[in-house]
Amino acid sequence: MTSAEALEGNRMTDAEIDDLLEAVGFGVLSMSLDGVPYGLPLSFGYDGANRLYFVFVGHSDEGRKTEYAERADVASFLAYEVDGADAWRSVIVEGTLDRITIDDWEAAREALGENGWRPQLLSDVDPNQDPRVWALEIESASGRKVEPA
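Cut-offs and rules
Every chain begins its residue count from 1, and numbering advances along the sequence as written. Only residues with pLDDT of at least 70 get local features here, since the model is predicted, and only at 80 or more are side-chain atom pairs given and counted; chain-wide, interface and lining totals rely on the full set of residues. Excluding hydrogens and water, the side-chain values take into account all heavy atoms of the structure. For this document, the term salt bridge refers to a Lys or Arg side-chain nitrogen within 4 Å of an Asp or Glu carboxyl oxygen. The helix and strand labels rest on DSSP assignments: H or I over at least four residues marks a helix, E over at least two residues marks a strand, and numbering proceeds from the N terminus. Burial classes: relative accessible area under 20% of the type maximum marks a residue as buried, over 50% as exposed, and values in between as partly exposed (1.4 Å probe, protein chains only). One bridge is not enough; two strands pair if DSSP finds at least two bridges between them. Two N or O atoms count as a polar contact when they lie within 3.5 Å, although within protein this holds only if one can serve as hydrogen donor and the other as acceptor, and sequence-adjacent residues are included solely when both atoms are side-chain atoms.

1. What to know about the pattern of salt bridges
Next up, step 1: Overall, the coordinates contain 10 salt bridges when judged by the stated rule.
Next up, step 2: A salt bridge links E137 to R51; the shortest N-O distance between them is 2.8 Å. With a gap of 86 residues between them, E137 in strand β8 (residues 133-146) and R51 in strand β5 (residues 51-55) connect regions that are remote in the sequence.
Next up, step 3: Residue classification places E137 among the partly exposed residues on the basis of a relative accessible area of 26%.
Next up, step 4: Between R89 and E81 there is a salt bridge, with its nearest N and O atoms 2.8 Å apart.
Next up, step 5: A residue is classified by how much of its surface remains accessible, and E81, at 27% relative accessible area, is partly exposed.

Okay, structure coming up:
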């Protein structure tokens with residue numbers, strides 16, 4: 001494998017993309033507001049089909065996470081796994097981001113419990129109050145990988 005191939009990787013199939021989203025429970029949510037980007041490391045849950053779920057815990061007085069999530073037209077999320085320079089994979093999904101309603105709570109709780117990095121955070125969430133749980137509806141997904149020789 002050339003060094004360029006190790007940097008670029010190979011395209012992942014839809015099944016490989018699903019596998020990564022089910023295997024890792026963390027990544028970076030990126031949003032932009034008025035031309036100002038904001039990247040946020042987060043744990044996530046994947047429903048196995050077309051949604052990622054995030055819990056916004058802890059917040060600043062400015063409420064930056066919530067403001068960006070409410071006003072951004074589109075968001076992207078990067079999930080990745082790195083085992084070395086010659087063994088990595090990453091997925092980027094894009095879509096709309098919306099706060100869930102109480103009707104979506106069980107699906108979100110299940111997805112976050114399955115592969116969220118810190119599912120115990122759900123114990124601090126009261127879905128009857130303000131769940132601070134957001135769903136990214138996946139409109140597109142792509143992935144790259146390099147496998148060891």
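Don't stop here, the text continues.
2. Brief notes about the pairing of β5
Next up, step 1: Most of β5 sits inside the fold, with 4 of its 5 residues counted as buried.
Next up, step 2: Direction of pairing for strand β4 (residues 45-46) relative to β5: antiparallel, over a ladder of 2 bridges. Residue pairing in the sheet places G45 in a bridge with Y53 of β5.
Next up, step 3: Here β4 folds back onto β5 in antiparallel fashion, the turn holding 4 residues, of which G48 has a positive phi close to 85°.

3. Side note on the side chain of S43
Next up, step 1: Mapped onto the elements of the fold, S43 is located in strand β3 (residues 36-43).
Next up, step 2: By relative accessible area, which is 17% here, S43 ends up buried.
Next up, step 3: Here the side chain of S43 touches G25 through a polar contact of 3.2 Å, landing on its backbone oxygen.

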